[in-house]
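Observations on the three-dimensional arrangement
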Amino acid sequence: MKDAGQRRIHLADYRPFSHRITQVSLTFRLAPEATRVISKIAFEPNPGAEPGPFFLHGEELRLVGARIDGRDVTPEPAEGGITCAVPEGPFVWEAEVEISPATNTALEGLYMSNGMYCTQCEAEGFRKITYYPDRPDVMAPFDVRIESDLPVLLSNGNPVASGPGWAEWEDPWPKPAYLFALVAGDLVNHPDRFTTRSGRDVALNIWVRQGDLGKCAFGMDALKRAMVWDERVYGREYDLDVFNIVAVDDFNMGAMENKGLNIFNASAVLASPQTATDANFERIESIIAHEYFHNWTGNRITCRDWFQLCLKEGLTVFRDQQFSGDERSRAVQRINDVLALRARQFREDNGPLAHPVRPESFVEINNFYTATIYEKGAEVIGMLRRLVGDEGYARALDLYFTRHDGQAATIEDWLKVFEDATGRDLSQFRLWYSQAGTPRIGVEESHADGTYTLTLTQETPPTPGQPDKAPLLIPVAVGLLSPEGAEVVPTRVLELSQPRQSFTFEGLTARPVASILRGFSAPVIMQRKLSAEICAFLLAHDTDPFSKWEAGRALAKDLLVCRIAGKPASEAACFDALEALLRDDDLDPAFRALTLSLPGEDDLAQTLFDAGRTPDPIVIHAARRAFRGDIAARLGETLARLYDQMVTPGPYRPDAKDAGKRALRQAALGYLSLNDGGARATAQYRRADNMTEQLGALTCLLDIARADDALEAFRNQWRGDRLVMDKWFGLQASMAAPDATETVIGCLTEDDAFDWKNPNRFRSVLGGLAANAAGFHHPSGAGYRLLADWLIRLDPVNPQTTARMATAFETWRRYDADRQGMIREALERIAARPGLSRDTAEMVSRILGD
């Protein structure tokens, strides 16, 4: 089934487009099933391109007519578009096409969402709107006219004119087609204004449906804080007179950075204390910042081709992580970033879907909007900053913005500005972009005659298509502690560039305790076996917050692995260290909440697999639950004190201080509910005046199987709020007991509120199933069959969501032969569906390794 007969695109085959575009004019006459799109595009030969046929992309378009310089022409059909004979010099291309937004269920191009017209053009959706060279290196200014009887008509750039039934927009900044946007609907706006540091007055709007206006204030505040931060930290100002955000119910992704008109999944912008949790508020803050930051790192400077996707996404993720750390807690933000990286990207890097940060080829680019591109791409930026220092990073970014503004850039362009700004040779570092896999770092230590020697080794396992790996340049941040717990060597960044390399520290009379990989200085797996006593020591004394947390995590993981294997282990050190940390009121409550969170079931399965064992999800689930029960029993008094102490007085505030207290209180409640039969959780549910506490209490009751009444009450209370109902669906799917998972998923998918064509609702249930490790991997194979059935049903409607959900099967080779056989059967059944989409066919093929 290799590539399912689809054409593979290779980075090595890149060629510039034959022409440049000097101006694009578009007219939209909107109608649900017969929208007319009239384009007028000024082309001129590209002197930097090789001569070749004039080709325009186009899919699912009905061509009404085409003209060149006013004369009718008849283009020839070609794979993925049309070709046409054109003059040797500049010319104007005109075309009229008809499209059907109402039947566009793939949610790419121009489509309808509950009566609203909206677009999603990244990566290749514009070709479903009109004939165009739909590639990111073709940049041009756009002007747009929209004709419709809907009251709100929006597009990119600045509004220039409007009247009854029409509006015109002009975007003066050249952009690729993937950044085009249009919205038309019966909307209301939450307005505000922002003055840039150079004095530009910018009108800000969040556009929503009637009834959602009360959920916009936080999103607007986050936008304004992001604008201030980008001016202060990166010197980047906004460059148009208006910035619009639109909330859309049906959206495949989180949000889209279209120039001047950001389109958001409603879940990524709408929030109120009653309907959104602290985690929702944090996510909204991060995504709004991310999309705004794209105005420079993605829009003003875009990527030359889709192989360079990490250039805009990795850099912008790094910037939004910086912003979130500055706005909240840098330590907590870093830990959460690492947790997300390990859960998503390490899993990807260690399986059949592993690929470099800059891939060499693809069949469907939508399948490469991955954790490797985004999260690992951000880690590569972070490593680069550590290697060149803060000042070197700032000089390089200034040069990048100056040198490449208005251009479509490459990874080579990006690294060249760092070399030019800092004088460093980054030829070895460049391998991070071309080499897949997660490096393993080995550790050896010795101490003699006052000299401590740290020897580090590196090895990256083979990945698909890359059996052999070269040594990488890896920044490893290290600090040393005395046996009494004092820091005797502050953080130093060691540059590991060889397969085996030693570093010495002199003048140390006593053997120190090394704190290695501080701040998670590189996206690697450190293979260092520490005793429970050393882990407890680091948890108590390490001055680096990440390493302090990591020591506690390692301590708990080692004990859980012993329990899973049925091996006896002393647990007193773990419980004592954890209790001491929880009692330390000088520590951030959010940090303490993180230390109470045990390694997840998928994390434990991968740990066992890496150690050469075959994980059993049912055994892992039982061992982890028993360990939680023991923590609750041993630390009950301390947990009860924290639960009572971490009350946040006054009205709800989504700031970091109060959110941290609620996080610690909720973590304590999760353990206490195992002992008190849900008494505290029931009381909290009844008196909760915010979604964080209400959903937190419901989670605890569901965990101990005492949630029937609360689930019904929750549904009755929130049945009219689509985003809150997503929580109701997702919570039950992800927490169903292993033996009950099939029944629970069946009931949820038969519920009259289950709209399987809505990506958020589909992900809440089927994504919840995939996240329920013990339920999904139940030995009956029911979880595999359920997911396969629904993916087969969804694929002809929404290929992009189907393909992404298929990644639930990517870890199949870590399990026993029976489970592997059932997963293979499910994947082969998906692959055999007639007319399977290119997106899903490629994904399934890669997972199977065929």
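**A closer look at unusual backbone geometry**
For the bond from E122 to A123, the omega torsion is 5°, close enough to zero to count as cis. Mapped onto the fold, A123 is located in the loop between strand 11 (116-120) and strand 12 (140-147). Positive phi, normally seen in glycine, also occurs at E60, with a value near 55°. Locating E60 in the fold gives a position in the loop between strand 4 (54-57) and strand 5 (62-68). When its relative accessible area of 61% is taken as the criterion, E60 is described as exposed. In the Ramachandran plot, N114 falls in the positive-phi region, its phi being about 50° despite a non-glycine side chain. Counting through the fold element by element, N114 comes out in the loop between strand 10 (109-113) and strand 11. Judged by its relative accessible area of 57%, N114 falls in the exposed class.

**Concerning helix 12 (residues 601-610)**
For helix 12, the full list of buried residues reads E601, L604, A605, Q606 and L608. Close packing links the buried residues of helix 12 with helix 9 (545-565), helix 13 (617-634) and helix 22 (773-776). In the segment just after helix 12, G612 is the residue with positive phi, at about 85°.

**Re the sheet that holds strand 11**
Spatial strand order, 10-11-16-13: four strands in an open sheet with antiparallel pairing. Both edges of this open sheet fall to strand 10 and strand 13 (152-155), since each of them pairs with a single strand only. Pairs of neighbouring strands in the sheet enclose a mean axial angle of 20°, with direction left out of account. Bridging between strand 11 and strand 16 (residues 182-185) involves two bridges; their strand directions are antiparallel. The residue bridging C118 from the neighbouring strand is V183, located in strand 16.

**What to know about the confidence of the model for the chain**
Mean pLDDT over the chain: 97, with 99% of residues reaching 70 or higher. The secondary-structure element of the chain with the lowest mean pLDDT is helix 10 (residues 572-582), recorded at 95, while strand 13 shows the highest, at 99.

**With respect to the sheet that holds strand 31 (residues 525-527)**
Read across the sheet, four strands follow the order 29-26-25-31 without closing on themselves; strand pairing throughout is mixed. Because the sheet does not close on itself, it has two edges, and the strands there are strand 29 (500-505) and strand 31. Strand-to-strand twist across the sheet, computed as the mean angle between neighbouring axes with direction ignored, equals 25°. Where strand 26 (residues 451-459) and strand 29 come together, six bridges link them in antiparallel fashion. Across the sheet, the residue bridging to Y452 is F505, located in strand 29.

**A word on the environment of N716**
Tracing the backbone through its elements, the reader meets N716 in helix 18 (residues 708-718). Measuring from C-alpha to C-alpha, the distance between N716 and E550 comes to 42 Å, with 166 residues separating the pair along the chain.

**Some thoughts on the environment of L481**
Mapped onto the secondary structure, L481 falls in strand 27 (residues 474-481). Looking at L481, the relative accessible area reads 0%, which means it is buried. Residues L481 and V647, 166 residues apart in the sequence, show an inter-C-alpha distance of 36 Å.

**Brief notes about the pairing of strand 28 (residues 487-496)**
In this sheet, strand 28 lies alongside strand 27 in antiparallel orientation, the contact comprising seven bridges. Along strand 28, the bridge assignment pairs L480 with V489. Following strand 27, the chain reverses through five residues before pairing antiparallel with strand 28; G485 in that reversal takes a positive phi of roughly 100°.

**Here's the deal with empty space enclosed by the protein**
Summed over the entire model, instances satisfying the criterion amount to two cavities of 30 Å³ or more. In this model, the largest cavity occupies a volume close to 130 Å³. Around the largest cavity, the lining comprises 15 residues; the ones closest to its centre are G552, R553, A556, L578 and T595. For the lining of the largest cavity, the secondary-structure elements that each account for two or more residues are helix 9, helix 10, helix 11 (589-595) and helix 13. Here the lining of the largest cavity gets five residues from one element, more than from any other, and that element is helix 9. Taken together, the residues of the lining of the largest cavity sort by class into 11 nonpolar, three polar and one charged. Space inside the second largest cavity adds up to approximately 50 Å³. Residue lining of the second largest cavity: R662, R665, Q666, Q684, T692 and E693, and that is the complete set. Listing elements by their share of the lining of the second largest cavity, those giving two or more residues are helix 15 (656-676) and helix 17 (691-703). The element contributing the most residues to the lining of the second largest cavity is helix 15, with three residues.

**A look at the packing of helix 17 against helix 19 (residues 722-735)**
Remark: helix 17 packs on helix 19, axes separated minimally by 11 Å, with the N-to-C direction vectors making an angle of 25°. Relative to helix 19, helix 17 is oriented roughly parallel. For the pair helix 17 and helix 19, the sense of crossing is right-handed. Contacts between helix 17 and helix 19 pair M691, L695, L698, T699, L702 and D703 from the former with V724, K727, L731, Q732 and M735 from the latter. Looking at the contact of helix 17 with helix 19, its residues break down into seven nonpolar, two polar and two charged.

**A closer look at the nonpolar core**
Among the nonpolar cores identified, the biggest contains 275 residues, and W93, W414, F429 and F809 are the most heavily contacted of them. With 14 residues, helix 5 (residues 371-404) is the largest single contributor of residues to this core. Once residues lying within four places of it in the same chain are set aside, the contact partners of F429 are V380, M383, L384, L387, L415 and L473.

**Re the pattern of salt bridges**
What the rule picks out here adds up to 78 salt bridges. One salt bridge in this structure joins D239 and K259, with 2.8 Å as the shortest N-O distance. A residue pair is termed long-range when its members are at least 10 positions apart, and D239 in the loop between helix 1 (217-234) and strand 19 (242-248) and K259 in the loop between strand 20 (255-256) and strand 21 (261-265) qualify at 20 residues. Each member of the pair, D239 as well as K259, is classed as buried. It is possible to trace a salt-bridge network through shared partners that takes in R209, D212, K215, D249, D721 and R722.

**Some words on the layout of surface pockets**
One number sums up the size of the second largest pocket: a volume of about 1,400 Å³. In terms of lining residues, the second largest pocket is bounded by 49 residues, among which R7, I9, H57, E124 and R127 are the most central. Of all the secondary structure elements, the ones that give two or more residues to the lining of the second largest pocket are strand 1 (9-10), strand 4 and helix 26 (838-848). Looking at the lining of the second largest pocket residue by residue, the class counts come to 18 nonpolar, 11 polar and 20 charged.

**Some points on the packing of aromatic side chains**
On inspection of all chains with the given rule, the structure shows 45 aromatic pairs. Centroid distance F318 to Y393: 5.9 Å. Interplanar angle 70°. Geometry classified as edge-to-face. With F318 in helix 3 (residues 309-327) and Y393 in helix 5, this pair connects stretches of sequence that are 75 residues apart. The pair formed by F318 and Y393 is uniform in burial state, with each residue classed as buried. With 5.9 Å between their ring centres and 50° between their planes, Y400 and F401 make a pair best called tilted. It is R628 that lies over the ring of Y671; its NZ or CZ is 5.8 Å from the centre.

What counts, and where the lines are drawn
Residues numbered from 1 in each chain as written. Predicted model: local features only at pLDDT ≥ 70, side-chain atom pairs only at ≥ 80, totals over all residues. Heavy atoms only, no water. Helix = DSSP H or I, 4+ residues; strand = E, 2+ residues; numbered from the N terminus. Buried < 20%, exposed > 50% of the residue type's maximum accessible area, 1.4 Å probe, protein only. Contact = heavy atoms within 4.5 Å. Pairing = 2+ DSSP bridges. Axes fitted to C-alpha atoms, helices over the stretch in contact; angles between N-to-C directions. pLDDT = per-residue confidence, 0-100. 1 Å grid on protein atoms, 1.4 Å probe; cavity = no way out; pocket = protein on both sides within 12 Å on 5 of 7 lines; lining within 4 Å. Points joined across faces, edges and corners; volume = space filled by probe spheres on them. Nonpolar A, V, L, I, M, F, W, Y, C, P; charged D, E, K, R; others polar. Parallel < 35°, antiparallel > 145°, perpendicular 65-115°, else oblique. Left-handed = near helix turned anticlockwise from the far one by under 90°. Core = buried A, V, L, I, M, F, W, Y, C linked by side-chain atoms within 4.5 Å. Salt bridge = Lys/Arg side-chain N within 4 Å of Asp/Glu carboxyl O. Phe/Tyr/Trp six-rings, centres within 6.5 Å; stacked < 30°, edge-to-face > 60°. Lys NZ or Arg CZ within 6 Å of the ring centre and 35° of its normal.

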